[in-house]
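# Coordinate analysis (summary)
Now for the letters of each chain:
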Amino acid sequence: MYIKNIHIENFRNFHCIDIPLKKLTIIIGENDAGKSNFLDAIRLVLNNNGFMYFSRSLSITDINKDSADVFQKYLKENTDALRVPQYIVN
């Protein structure tokens, strides 16, 4: 069995990407192109022994910057809709 396709959304430098894979896939690219981020995304999902990512959890730096900016803008524009009514708090 092998992985036929990878879909990554909003992880580090990937906004939304689909990558078809063959039985032998070689990952090459310039520095800072996202090769390590691609492998980290796969490792984060598939690593079941817990050793490497035992204390690892996703942080805000793992979220794609453009997506985080869009979300923060949404929150700023919709703060009134997100507020809890006072009668619920009391």
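Residues numbered from 1 in each chain as written. Predicted model: local features only at pLDDT ≥ 70, side-chain atom pairs only at ≥ 80, totals over all residues. Heavy atoms only, no water.

## Some points on the overall build of the chain
Within the chain one finds 4 helices and 2 strands. Going from the N terminus to the C terminus, the chain shows its helices and strands as β-β-α-α-α-α. For the chain, the proportion of contacts with a sequence separation of at least 24, taken over those separated by at least 6, is 41%. Carbon and sulfur atoms make up 58% of the accessible area of the chain, which totals about 7900 Å². (Helix = DSSP H or I, 4+ residues; strand = E, 2+ residues; numbered from the N terminus. Contact = heavy atoms within 4.5 Å. Areas by Shrake-Rupley, 256 points an atom, 1.4 Å probe, with all protein chains shown as cover.)

## A look at the side chain of Asp40
In this structure, Asp40 sits in helix α1 (residues 35-46). Relative accessible area serves as the criterion here: at 16%, Asp40 is assigned to the buried category. Of note is the side chain of Asp40, whose polar atom sits 2.8 Å from the side chain of Arg12. (Buried < 20%, exposed > 50% of the residue type's maximum accessible area, 1.4 Å probe, protein only. Polar contact = N/O pair within 3.5 Å; in protein donor to acceptor, adjacent residues only side chain to side chain.)

## Let's talk about α1
The terminal C-alpha atoms of α1 lie 17 Å apart, and with 12 residues this matches the ideal 16 Å at 1.5 Å per residue to within 8%. Turning to α1, its buried residues are Asn37, Phe38, Asp40, Ala41 and Ile42. The secondary structure elements touched by the buried residues of α1 are β1 (5-11) and β2 (14-20). (Expected span 1.5 Å × (residues − 1).)

## Topic: the layout of surface pockets
Estimates place the volume of the largest pocket at around 180 Å³. What lines the largest pocket is simply Ile3, Ile6, His7, Ile8, Phe11, Ala41, Ile42, Leu44, Val45 and Leu46. Elements that contribute at least two residues to the lining of the largest pocket include exactly β1 and α1. It is α1 that contributes the most residues to the lining of the largest pocket, 5 residues altogether. (1 Å grid on protein atoms, 1.4 Å probe; cavity = no way out; pocket = protein on both sides within 12 Å on 5 of 7 lines; lining within 4 Å. Points joined across faces, edges and corners; volume = space filled by probe spheres on them.)

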